[in-house]
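Chain by chain, the residues run as shown.
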Amino acid sequence: MSARVVKRSLSIKGHRTSISLEEPFWAELRAIAGARGQPLAALVAEIDLGRGEANLSSAIRVYVLESVRAARAA
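Note that this is a predicted model, so its numbers are computed, not measured.

*Asks:* Can you lay out the overall build of the chain for me, pointing to particular residues and giving the numbers?
*Replies:* Tallying secondary structure elements over the chain gives 3 helices and 2 strands in all. Listing each helix as α and each strand as β along the chain from the N terminus yields β-β-α-α-α. Against the compact-globule benchmark of 11 Å for 74 residues, the chain has a radius of gyration of 12 Å, which places it among compact chains. Charge separation in the chain, taken as the distance between the mean sites of 11 positive and 7 negative side-chain charges, equals 5 Å.

*Asks:* How would you explain unusual backbone geometry if you had to name every residue and give the values?
*Replies:* A positive phi angle, close to 50°, is found at K13, a residue other than glycine. Mapping K13 onto the fold places it in the loop between β1 (5-12) and β2 (15-22).

*Asks:* Before we move on, could you go through the pattern of salt bridges and cite the residues and values that matter?
*Replies:* Applying the stated criterion to the full structure yields 6 salt bridges. Its salt-bridge partner being E23, residue R30 comes within 3.0 Å of it at the nearest N-O pair. Overall, R30 belongs to the partly exposed group, its relative accessible area being 37%. Between E46 and R36 there is a salt bridge, and its shortest N-O distance comes to 2.8 Å. With E46 in helix α2 (residues 40-49) and R36 in helix α1 (residues 23-36), this residue pair connects regions lying 10 residues apart in the sequence. Linked through salt bridges whose partners overlap, the residues forming this network are R8, E23 and R30.

Thresholds applied
Residues numbered from 1 in each chain as written. Predicted model: local features only at pLDDT ≥ 70, side-chain atom pairs only at ≥ 80, totals over all residues. Heavy atoms only, no water. Helix = DSSP H or I, 4+ residues; strand = E, 2+ residues; numbered from the N terminus. Rg over C-alpha atoms; globule rule 2.2 N^0.38 Å. Lys, Arg positive; Asp, Glu negative; His and termini not counted. Charge placed at Lys NZ, Arg CZ, Asp CG, Glu CD. Salt bridge = Lys/Arg side-chain N within 4 Å of Asp/Glu carboxyl O. Buried < 20%, exposed > 50% of the residue type's maximum accessible area, 1.4 Å probe, protein only.

Set out below in structure tokens:
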């Protein structure tokens, strides 16, 4: 899988935003959203709500990492 950064646009809370992530993070984020039965934009909106002062792309990367770690520990 390519580590190149891919920019995608999503609508969060009615506003369009662009998010830049490496393709492996996009793939895992889509998998997490699918496992939860929710649209990708809804999961990103949840992450956005809890990110505090963090950059959204960084908050997503941390969320994905924590999700992978939690699944490995289970």
